[in-house]
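So the chains spell out like this:
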Amino acid sequence: MENLVAYSLVAVYSAMGVYTIAFILFTLDLAKRSAATGRTSGQAAAPAAASTTASAAQGASAASTRSRGTAVLDRPVVSAREKDAGTGGTRYQKAAFALTLLAFVLHMGAVVTRGLAAERVPWSNMFEFGLTATAMAVMTFLLVQIWRDVRFLGAYITGFALLALGVVTVNFYVDVVPTPPALQSAWLVIHVLVASLATGFFAIGAGLSIMQLLRSRAAASKSEGLSFVRTLPGASTLESLAYRVNVVGFVFWTFTLIAGAIWAERAWGRYWGWDTKEVWTFIIWVLFAGYIHARATRGWRGTRSAWLAIIGFSAVLFNYGVVNIFFKGLHAYSGLTE
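1. Considerations on the environment of Ser34
- Note on placement: Ser34 falls in helix α1 (residues 2-43).
- A relative accessible area of 21% means that Ser34 is categorised as partly exposed.
- With 194 residues separating them in the primary sequence, Ser34 and Phe228 have C-alpha atoms 4.2 Å apart.

2. Things to note about the packing of helix α5 (residues 126-147) against helix α10 (residues 303-326)
- Close contact between α5 and α10 brings their axes to 12 Å; oriented N to C, the two are set at 170 degrees. When the axis of α5 is compared with that of α10, the two are roughly antiparallel. Contacts between α5 and α10 involve Met126, Phe129 and Gly130 on the former and, on the latter, Tyr320, Gly321, Asn324 and Ile325.
- Of the residues that constitute the contact of α5 with α10, the class distribution is four nonpolar, three polar and no charged.

3. Section: unusual backbone geometry
- Its identity is not glycine, yet Glu119 carries a phi of approximately 60 degrees, on the positive side.
- Relative to the helices and strands, Glu119 resides in the loop between α4 (91-118) and α5.

4. Details of the pattern of salt bridges
- Within the structure shown, the criterion is met by five salt bridges.
- Note that Arg120 is salt-bridged to Glu128, the shortest N-O span being 2.8 Å.
- For Arg270, the salt bridge goes to Glu278, with nearest N and O atoms at 3.0 Å.
- The network of salt bridges with shared partners includes Arg114, Arg120 and Glu128.

5. Notes on the side chain of Gln212
- Along the chain, the position of Gln212 falls in helix α7 (residues 186-220).
- Using a relative accessible area of 2% as the deciding quantity, one classes Gln212 as buried.
- In this structure the side chain of Gln212 is engaged in a polar contact, spanning 3.0 Å, whose partner is the backbone oxygen of Gly302.
- When neighbours within four sequence positions are excluded, Gln212 is seen to be in contact with Ala235, Leu238, Glu239, Gly302, Thr303 and Ala306.

6. Some remarks on the confidence of the model for the chain
- Chain-level pLDDT for the chain is 79 on average; 77% of the residues reach the 70-or-more range.
- The low-confidence segment residues 44-87, where pLDDT is below 50, has 22 contacts with residues more than four positions distant or belonging to other chains.

7. Examining the nonpolar core
- Counting residues in each nonpolar core, the largest one holds 73 residues, and the members touching the most others are Tyr19, Phe141, Val150, Phe152, Leu153 and Leu208.
- At the level of secondary structure, the elements contributing two or more residues to this core comprise α1, α4, α5, α6 (154-171), α7, α8 (235-268), α9 (276-295) and α10.
- The greatest single-element share of this core, amounting to 13 residues, is contributed by α7.

8. Some thoughts on the packing of aromatic side chains
- Here the structure, examined in full by the defined rule, presents 16 aromatic pairs.
- A centroid spacing of 5.9 Å and a plane angle of 80 degrees characterise the contact between Phe172 and Tyr320, whose relative ring orientation is edge-to-face. In this pair, Phe172 is assigned in the loop between α6 and α7 and Tyr320 in helix α10, connecting sequence segments 148 residues apart.
- Judged by its relative accessible area of 8%, Phe172 falls in the buried class.
- Note on Trp280 and Phe318: the rings are 4.7 Å apart at their centroids and 45 degrees apart in plane angle, and the pair reads as tilted. With Trp280 in helix α9 and Phe318 in helix α10, this pair connects stretches of sequence that are 38 residues apart.
- Under the relative-accessibility criterion, Phe318 is labelled partly exposed at 29%.
- Geometry around Tyr243 places Arg295 over its ring, the cationic atom sitting 4.8 Å from the centre.

9. Remarks on a nonpolar patch on the surface
- On the surface, a cluster of nonpolar side chains totalling about 550 Å² of accessible area is made up of Tyr271, Trp272, Trp274, Phe282 and Val286.
- Within the secondary structure, Trp272 sits in the loop between α8 and α9.

10. Thoughts on the side chain of Arg295
- If you trace the backbone, Arg295 turns up in helix α9.
- Residue class for Arg295 comes out buried when judged on its relative accessible area of 9%.
- Not counting chain neighbours up to four residues away, the residues in contact with Arg295 comprise Glu239, Ser240, Tyr243, Trp300, Arg301 and Ser305.

11. Some thoughts on the packing of α5 against α7
- Between α5 and α7, whose axes approach to 8 Å, the crossing angle comes to 50 degrees. On the basis of their axis angle, the class for α5 and α7 is oblique. Considering only the axes of α5 and α7, their crossing is right-handed. Listed contacts from α7 to Phe129, Thr132, Ala133, Met136, Ala137, Met139, Thr140 and Phe141 of α5 are Val192, Ser196, Leu197, Thr199, Gly200, Phe201, Ala203 and Ile204.
- A per-class count over the contact of α5 with α7 returns 11 nonpolar, five polar and no charged.

So, how was this worked out
Residues numbered from 1 in each chain as written. Predicted model: local features only at pLDDT ≥ 70, side-chain atom pairs only at ≥ 80, totals over all residues. Heavy atoms only, no water. Helix = DSSP H or I, 4+ residues; strand = E, 2+ residues; numbered from the N terminus. Buried < 20%, exposed > 50% of the residue type's maximum accessible area, 1.4 Å probe, protein only. Axes fitted to C-alpha atoms, helices over the stretch in contact; angles between N-to-C directions. Parallel < 35°, antiparallel > 145°, perpendicular 65-115°, else oblique. Contact = heavy atoms within 4.5 Å. Nonpolar A, V, L, I, M, F, W, Y, C, P; charged D, E, K, R; others polar. Salt bridge = Lys/Arg side-chain N within 4 Å of Asp/Glu carboxyl O. Polar contact = N/O pair within 3.5 Å; in protein donor to acceptor, adjacent residues only side chain to side chain. pLDDT = per-residue confidence, 0-100. Core = buried A, V, L, I, M, F, W, Y, C linked by side-chain atoms within 4.5 Å. Phe/Tyr/Trp six-rings, centres within 6.5 Å; stacked < 30°, edge-to-face > 60°. Lys NZ or Arg CZ within 6 Å of the ring centre and 35° of its normal. Patch = residues over 30% accessible without salt bridge, like charges linked within 9 Å, V, L, I, M, F, W, Y side chains within 5 Å. Areas by Shrake-Rupley, 256 points an atom, 1.4 Å probe, with all protein chains shown as cover. Left-handed = near helix turned anticlockwise from the far one by under 90°.

As structure tokens, then:
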């Protein structure tokens, strides 16, 4: 068992090292995007007559296409260099994504070896939950690529994973200990696993909402600022992506709430007891339910819905990092006082 615990820690530190390199490369990719955008902006200072002629030609082409019954998205003509700095991906981005895959493999190796050492699922205390939930967030980021290219979130997700692993390893680490009686249930596997998946989706949704706010600000401002955001999808596209990701997270969190109530009835003989952890789980559910409802009404689209999604994920982090430590109750399973 001691060897497996040691292997798990080595895998954690190795994953952190690779996440660090990936984060640096993703950041360099963003810097290259900014430089490419700046060069493109400089080259855009063409004679007004030529610009007007080009715009008229593009408008005529679009009108002709629409008249044939084919809808197209209006897009500017981009150079090969700008395309490489945008959705095509720079060499930095491709290398960083490959390293993120490697770091995830090491990360999952740490989760699996920790579980083998404990001879149970590895999420019985704050360290193990943080280790697993962070892996779920990175896994969500990787799987979303099958649906949409969101590699522009690479710096956010690798930075988040690196910071979270550093915090849980330094501040929340505990040795492998026997599972408390109340946790000796199959519902431990179901309840916490689904909560980890929900946390992963909420993390990606928050990242997309942050990018949405930056993109909206860049579109409204004529200053250069963070020019890389001009290479990202439009604010409405980012908002739509964030909404869909958060809806999936909300479904998982709803099941987390239901599974927790069933588990509470099995362990303590009641479905709901207004325990601090139960209350915060419900608060998070209400926040995201409000986000989904508000997003469905036009008055709450845009900036306000993005902030609500970010607040919801902040509540998830508060529930994990503050409620578990400073609030006492039946869910005192941080392992820090044992």
